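Here is how the chains run, residue by residue.
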Amino acid sequence: MSDFFITGTRRGLGKSLSAFYDTVDTLESCDVFINCKHDGFEQVELLYKASELNKRIINIGSNSPDGNKNFPHIYAVQKSALDKANEQLFYQGVNTTILRFGYFDSPRVEHVEKKKMSIEYCISVIDWVLNQPHRIKDLTVTP
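This text gives an overview of the structure that appears in the document. (Residues numbered from 1 in each chain as written. Predicted model: local features only at pLDDT ≥ 70, side-chain atom pairs only at ≥ 80, totals over all residues. Heavy atoms only, no water.)

### Here we look at the pairing of strand S2 (residues 32-35)
Of the two faces of S2, both are covered, the one formed by Val32 and Ile34 as well as the one formed by Phe33 and Asn35. Examined bridge by bridge, strand S1 (residues 4-6) and S2 share three bridges and lie parallel to one another. Bridging from a neighbouring strand, phenylalanine 4 pairs with valine 32 of S2. Handedness of the crossover joining S1 and S2 through helix H1 (residues 12-20): left-handed. Judged from the four bridges that link them, S2 and strand S3 (residues 56-60) form a sheet pairing that is parallel. Opposite valine 32, over in S3, you have arginine 56 as the bridge partner. (Buried < 20%, exposed > 50% of the residue type's maximum accessible area, 1.4 Å probe, protein only. Helix = DSSP H or I, 4+ residues; strand = E, 2+ residues; numbered from the N terminus. Pairing = 2+ DSSP bridges. Right-handed = clockwise from strand over helix to strand, strands pointing away.)

### Brief notes about the pattern of salt bridges
Evaluation of the coordinates by the stated rule reveals six salt bridges. Of the charged contacts, one joins glutamate 28 and lysine 49 as a salt bridge, the two residues approaching to 3.2 Å between their closest N and O atoms. A residue pair is termed long-range when its members are at least 10 positions apart, and glutamate 28 in the loop between H1 and S2 and lysine 49 in helix H2 (residues 42-52) qualify at 21 residues. Accessibility expressed as a relative area gives 44% for glutamate 28, which makes it partly exposed. For the salt bridge of arginine 100 with aspartate 83, the shortest nitrogen-to-oxygen distance reads 3.1 Å. (Salt bridge = Lys/Arg side-chain N within 4 Å of Asp/Glu carboxyl O.)

Take a look at the structure:
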């Protein structure tokens, strides 16, 4: 069984992931890093640090960079940076995957009136990716 270090565990997907997986308190002591918390460009910094530590990495990206091309939106830029860093490291041989979920049922988007996936479904996708025999660079799932 693997030990997980998960960011963003106070609410939403991160909180549910920490209840689903066995977690540890530091990046250095985990087997798998789930890079879940959006915190500016910190997700990119943590991705590079985890890759230096040779961790299995799951990055939670976003579809926002594709949908917000008509107006400035820093969130979209930050998630695009995470996408590009994931791609760069993947092609260098790092076992990193970025998952771009559409809307899922979480406090952050409770005001959005569009179809949403359940957090349980998102966890099942993450678990599926982790159990594949081959590396997966990226995956986009929308409702």
